[in-house]
Amino acid sequence: MQRIKQWVTDNPDLSFAILLAITVYTFFAITEPLFFTHRTGFAIFERFAVLGLVGLALTLCIIAGEIDLSIGSNAALAAVITVRFTDDWGAINALLVALAVATSIGAIQGYFIAYLRIRAIVLTVGTLMLLRGVALFAAEEKTVMLTDFRIPDFISTKMLGYFSPASLLVIAMFVLVGLFMTYTRYGREIYAIGGARKEALASGIPLQRPMIIVFAISGFCAGLGGVIIGLRSGTAQALGLQYLLLAGTVAAFIGGVSILGGKGGVIGAAIGTLTVNFLNTGLVFNVTPAFMVQLYLGILLLVVIMFQTGSRVFDERQRRKLLLDDVDRRRSIWSDKIAEIRGQSG
């Protein structure tokens with residue numbers, strides 16, 4: 001019990017994210033009889049297969065102190081490439097090309113952000129619009145469709161009750177990225193440039209390498225999400241997937257990532273994504289209008305931001321109190337020593 005209490009104290013944002021996820025799930029499980037079923041669980045993990053990738057990508061970018069606004073456009077372009085060229089090149093070749101293009105776009109963005117020292121929010125707004133134009137050109141300004149639906153049937157096949165090949169692939173991606181961020185020097189560099197960039201640069205950590213890596217991962221996640229959506233639905237639209245940026249950002253912040261950078265993790269991204277999926281799925285059962293879904297997501301995000309702000313203010317006050325207590329203790333010790341010296345000299 002003491003260990004749990006200490007862990008909650010050390011990880012307040014992640015603890016709050018877990019509590020929020022349990023609360024949302026429990027509410028809909030009680031109020032909606034069909035929510036707590038295998039079929040609903042499978043649907044939640046199918047949503048996780050795409051939104052989880054976007055939430056993971058945005059979590060890494062925010063940890064590095066930046067954000068990738070072009071992630072929806074990159075995913076849409078990957079979906080168009082996959083669906084548009086599967087019949088001509090074959091599904092494997094088309095998805096490999098889509099992933100290579102999306103990853104390269106991410107890496108190039110990271111390169112320019114690092115070497116030109118410009119903020120990602122400025123550059124990725126431009127690439128957001130640029131990639132929409134490229135996707136429209138690739139799709140010939142129309143909805144592209146598959147003619148062979150054997151692949152969509154395969155990637156949506158139910159496995160182990162709750163999963164599909166797509167969701168299992170994404171879970172494996174989370175595990176690999178989590179190991180990378182935790183146990184490699186490159187992962188620690190990403191945390192360093194996000195949490196204290198000036199100090200990290202002064203200590204010799206290069207800005208270029210972690211920035212290129214984090215945006216390359218973001219591009220790969222966007223591409224993989226677009227591939228999954230394209231192959232699962234059998235269609236792709238150049239102007240589609242605009243909702244991914246907002247939903248992924250909400251998932252990242254619910255998972256405990258800090259807007260200041262240097263804080264957050266893969267576990268938080270997974271929990272945040274599941275929370276958003278619990279909410280979306282539960283609202284679908286209630287036949288909630290689309291604008292109300294966005295409203296609830298906004299309220300959820302505001303609650304998380306207020307908690308994080310309150311938690312940060314509380315930590316700063318506790319740190320200040322400890323510092324003042326330490327100063328008072330040292331002052332008392334020196335006062336006693338001075339009094340003792342005076343007593344001996346007298």
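Refer to the structure presented above.
Treat the numbers as computed from the prediction; the structure is a model and nothing was measured.

Here is what the cut-offs are and how they apply
Residues numbered from 1 in each chain as written. Predicted model: local features only at pLDDT ≥ 70, side-chain atom pairs only at ≥ 80, totals over all residues. Heavy atoms only, no water. Helix = DSSP H or I, 4+ residues; strand = E, 2+ residues; numbered from the N terminus. Buried < 20%, exposed > 50% of the residue type's maximum accessible area, 1.4 Å probe, protein only. Contact = heavy atoms within 4.5 Å. Areas by Shrake-Rupley, 256 points an atom, 1.4 Å probe, with all protein chains shown as cover. Lys, Arg positive; Asp, Glu negative; His and termini not counted. Charge placed at Lys NZ, Arg CZ, Asp CG, Glu CD. Salt bridge = Lys/Arg side-chain N within 4 Å of Asp/Glu carboxyl O. Arc of directions from axis to C-beta. Core = buried A, V, L, I, M, F, W, Y, C linked by side-chain atoms within 4.5 Å. Expected span 1.5 Å × (residues − 1). Patch = residues over 30% accessible without salt bridge, like charges linked within 9 Å, V, L, I, M, F, W, Y side chains within 5 Å. Polar contact = N/O pair within 3.5 Å; in protein donor to acceptor, adjacent residues only side chain to side chain. Axes fitted to C-alpha atoms, helices over the stretch in contact; angles between N-to-C directions. Parallel < 35°, antiparallel > 145°, perpendicular 65-115°, else oblique. Left-handed = near helix turned anticlockwise from the far one by under 90°. Nonpolar A, V, L, I, M, F, W, Y, C, P; charged D, E, K, R; others polar.

1. Observations concerning the overall build of the protein
- Scanning the protein for helices and strands turns up 14 helices and 2 strands.
- For the protein, the spread of C-alpha atoms along the principal axes amounts to about 100 × 55 × 35 Å.
- The buried share of the protein, taken over its 346 residues, is 47%.
- Residue pairs in contact within the protein that sit at least 24 positions apart in sequence constitute 78% of those at least 6 positions apart.
- Element-wise, carbon and sulfur atoms account for 68% of the exposed surface of the protein, whose accessible area totals about 18,200 Å².
- For the protein, the separation between the mean place of its 28 positive charges and that of its 21 negative charges on side chains is 6 Å.

2. Some points on the environment of Ala98
- Counting through the fold element by element, Ala98 comes out in helix H5 (residues 91-116).
- Sequence-distant contacts of Ala98, that is, excluding residues within four places in its chain, are made with Ala78, Ile81, Thr82 and Val227.

3. Considering the pattern of salt bridges
- With the rule as written, the count across this model stands at 6 salt bridges.
- Of the charged contacts in the structure, one is a salt bridge between Arg185 and Glu189, with a shortest N-O distance of 4.0 Å. Of the two residues, Arg185 and Glu189 are both situated in helix H9 (residues 185-195); the distance of 4 residues between them amounts to about one turn of the helix.
- The class of Arg185 is partly exposed, set by a relative accessible area of 47%.
- With relative accessibility at 6%, the residue Glu189 sits in the buried group.
- The salt bridge involving Arg209 is made with Glu189; its shortest N-O contact spans 2.5 Å. In this pair, Arg209 sits in helix H11 (residues 208-233) while Glu189 sits in helix H9, placing the two residues 20 residues apart along the sequence.
- Several salt bridges converge on common partners, so that one network encompasses Arg84, Glu140 and Lys142.

4. Describing H9
- Listed as buried for H9 are Gly187, Glu189, Ile190, Ile193 and Gly194. Looking straight down H9, one finds its buried side chains confined to an arc of 155°; they lie on one side.
- Close packing links the buried residues of H9 with helix H3 (38-63), helix H8 (165-183), helix H10 (197-202) and H11.

5. As for the nonpolar core
- Among the nonpolar cores identified, the biggest contains 97 residues, and Phe174 and Met211 are the most heavily contacted of them.
- In terms of residue count, the dominant contributor to this core is H3 (14 residues).

6. Here's the deal with the environment of Gly41
- Positionally, Gly41 belongs in helix H3.
- With a relative accessible area of 12%, Gly41 lands in the buried category.
- With 237 residues separating them along the chain, Gly41 and Phe278 place their C-alpha atoms 9.4 Å apart.

7. Describing helix H12 (residues 243-254)
- Spanning 12 residues, H12 covers 17 Å between terminal C-alpha atoms, matching the ideal 16 Å at 1.5 Å per step.
- Across the 12 residues that make up H12, a large majority, 10, are buried.
- If you check which residues of H12 are buried, you get Leu244, Leu245, Ala247, Gly248, Thr249, Val250, Ala251, Ala252, Phe253 and Ile254.
- Trailing H12 by a residue or two, Gly256 shows a phi angle of about 100°, which is positive.

8. Some remarks on a nonpolar patch on the surface
- Nonpolar side chains collect at one region of the surface, where Leu295, Tyr296, Ile299, Leu302, Val303 and Met306 lie side by side and expose about 550 Å² of accessible area between them.
- For Ile299, a relative accessible area of 42% translates into the label partly exposed.

9. What to know about the side chain of Thr82
- Summarising the element assignment, Thr82 is placed in helix H4 (residues 71-89).
- Given the relative accessible area of 0%, Thr82 is considered buried.
- For Thr82, the side chain forms a polar contact with the main-chain oxygen of Ala78, separated by 2.8 Å.
- Every residue in contact with Thr82, bar those within four places of it in the chain, is listed here: Ala94, Leu95, Ala98, Val227 and Leu231.

10. Describing the packing of H5 against H11
- Interaxial distance between H5 and H11 falls to 7 Å at its minimum, and their mutual angle equals 150°. If you check the angle between H5 and H11, you find them roughly antiparallel. Taken as a pair, H5 and H11 cross one another with a handedness that is right-handed.
- Among the residues making up the contact of H5 with H11, the classes are represented as 17 nonpolar, 7 polar and no charged.

11. Quick word on the side chain of Arg132
- Here Arg132 lies in helix H6 (residues 120-138).
- For the buried Arg132, which has no salt bridge, the nearest side chain bearing the opposite charge is Asp68, at an N-O separation of 11 Å.
- Here the side chain of Arg132 touches Ser73 through a polar contact of 3.0 Å, side chain to side chain.
- Beyond its immediate sequence surroundings of up to four residues, Arg132 is in contact with Gly72, Ser73, Ala76, Ala238, Leu239, Gly240, Leu241 and Gln242.

12. Considerations on the environment of Ala91
- With respect to the secondary-structure elements, Ala91 resides in helix H5.
- By relative accessible area, which is 15% here, Ala91 ends up buried.

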